[in-house]
Amino acid sequence: MAQLIIKDMLLQRKRLIYFTLFYNVFAILILQDFFLPYLVAGIVVPYIMLQTALAYEEMNKSEIVINSLPVRKEKIVLARYLTIFIYLLISILCYSILTFLMNLFNLPLAGEPVSLAGIVVIFVGIGIIVSIYLPIFFRYGYIKGRVFHTVFTVAALILPTVAVKIIGENPELPGRFVVEDLVGVRTGIILLLLTLLILTISFNLSVWFYKKREF
Amino acid sequence: MSAILEVDNLRKEYRDFNLNVSFSLERGYLMGFIGPNGAGKSTTIKLIMNLLKKDSGAIKVFGLDNVKNEIEIKQRIGFVYDQNYYYDELTVEEMKGIISRFYADWDDELYRSYLKIFDLDPRKKIKELSKGMQMKFSLIMALSHHAELIIMDEPTSGLDPIVRRELLQILSEILQNENKGILLSTHITSDLDKIADYITFINQGRIVESTTRDFLLENYGVVRGKKELLMQTDKGLLIGVKENEFGFEALVKDKARAREIFGDKIIIDKPTLEDIMYYQIDGKVV
């Protein structure tokens, strides 16, 4: 299974670095007055990397080769779920280094470090997106799964705009959408456990769909 | 010796195409799986590889059910498909690094020797390789883990004659080991004229013939004669009759019987595999 994860990293190697860096800088410089930029780092960037990996798979029709190898479908599916959390780690690491450096040099637009509550929100956010998207992908393949991708992209564009508007119209609200206020320790643990449960159900559903897929 | 591959009453139904095939391949032999485009060759191979789900029937590889024992079987199968499905962004060496870890019996020394034989640069990206070189790379991946059964779906289509000959030479060498078997699907039947031991001919999802190549070439014949002779023949003797202003030509499954009926009034030529395929697909039976 490790080689399936390595394969995705190898396929994207340069893009993985450039895109992660670009989106994180963009999030810190442009979005931070309105939205917590690490949500972009933790949710949007890993999702884009996942889509890029799947696009490569589709372009080469390589699922035919992967499914001709002596590897269980469960492992192929699990590798996909794990890979997105590796993208997440890379992106958060990139974000943290950037914010650390910006704060170190007292730059006017230094990003806000990722808080513990932020990590919970990121995990829940990406967990839910993956839990919905991957079963669709394993059932219908990349092309048909693009419908969900389009919906997600539109939502990702609209929601921050709506959030910005709400903040603008309500000056009594703090300058940012303060996630910390929403997540206490107890709520955080419950949310994490619920997300893990959803991910487990999603994984089993994906395996079930993938075993029925034809290539 | 036991069959390395047994396909028994295998069925797969689509809205506009039905497959229903049975055949078997013994260890130590190469079976040419021939038929026109759309005959069901790739569908059969995908069913064997469990890339498609069968509706009914049985597929046994090494005596094991191909679905229940999928992983064990795939450890011992080498596959080559009709086009490159490997990641073209990766180099030959990177792709090998990924693929090799799936196989318990991967032999890096053997892999390096094939790289030399095929003159393949491991530092090149797969997308930088020509179609022939990509096919050679697929072949190296199929051969470097001591596969017992090699399944090839149209591996020679699009290759130049020199590469094709090299590939066929390698396959002949593999069959020196009597424990191995090769299923080679192709519509370029001339590839099989020299190396195939068995021929399975499929058309419109049905097996037309599955027997030894020698049996086919010795018993079948292409006959030519005058049109009047068409009235004298046994029903069903002449296959794929083509009439022209000089007479007719057709295929016969039993050239001894044709000689018995027509005597010296006909000319009987030895057919090629292409003749056997051509007349059976396209032409009327008299």
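Heads up: these notes are all about the structure in this document. Everything numeric in this text was worked out from a predicted model, so none of it was measured. (Residues numbered from 1 in each chain as written. Chains lettered and ligands numbered in written order. Predicted model: local features only at pLDDT ≥ 70, side-chain atom pairs only at ≥ 80, totals over all residues. Heavy atoms only, no water.)

This next bit is on empty space enclosed by the protein. All names here are of chain A. One pass over the full model with this rule turns up four cavities of 30 Å³ or more. Put simply, the largest cavity is a space of about 110 Å³. Taken together, 13 residues make up the lining of the largest cavity; nearest its centre are Lys7, Glu57, Ile66, Ile76 and Arg80. Of all the secondary structure elements, the ones that give two or more residues to the lining of the largest cavity are α1 (2-31), α3 (63-66), α4 (73-104) and α5 (116-169). Element by element, the count of residues in the lining of the largest cavity is highest for α4, at four residues. Of the residues contributing to the lining of the largest cavity, the split by class is seven nonpolar, one polar and five charged. (1 Å grid on protein atoms, 1.4 Å probe; cavity = no way out; pocket = protein on both sides within 12 Å on 5 of 7 lines; lining within 4 Å. Points joined across faces, edges and corners; volume = space filled by probe spheres on them. Helix = DSSP H or I, 4+ residues; strand = E, 2+ residues; numbered from the N terminus. Nonpolar A, V, L, I, M, F, W, Y, C, P; charged D, E, K, R; others polar.)

Moving on to the packing of aromatic side chains. One pass over the full model with this rule turns up 19 aromatic pairs over all chains. Ring geometry for Phe85(A) versus Phe123(A): centroids 5.5 Å apart, planes at 35°, classification tilted. Of this pair, Phe85(A) sits in helix α4 while Phe123(A) sits in helix α5, placing them 38 residues apart in sequence. Classification of Phe85(A) as buried rests on a relative accessible area of 17%. Consider the rings of Phe23(B) and Phe33(B), whose centres lie 5.3 Å apart with planes at 40°: the pair is tilted. Here Phe33(B) lies in strand β3 (residues 30-34) and Phe23(B) lies in strand β2 (residues 18-26), a separation of ten residues in the sequence. Residue class for Phe23(B) comes out buried when judged on its relative accessible area of 6%. (Phe/Tyr/Trp six-rings, centres within 6.5 Å; stacked < 30°, edge-to-face > 60°. Buried < 20%, exposed > 50% of the residue type's maximum accessible area, 1.4 Å probe, protein only.)

Our focus in this paragraph is the sheet that holds strand β14 (residues 267-269) of chain B. Residue and element names in this part refer to chain B. Strand order in the open sheet formed by four strands is β12-β13-β11-β14, and the pairing between neighbours is antiparallel. Single-partner strands in this sheet number two, and they are β12 (238-244) and β14. Across the sheet, the axes of successive neighbouring strands diverge by a mean angle of 20°, strand direction being ignored. By the bridge criterion, five bridges tie β12 to strand β13 (residues 247-252) in an arrangement that is antiparallel. The residue of β13 that forms the bridge with Ile239 is Leu251. (Pairing = 2+ DSSP bridges. Axes fitted to C-alpha atoms, helices over the stretch in contact; angles between N-to-C directions.)

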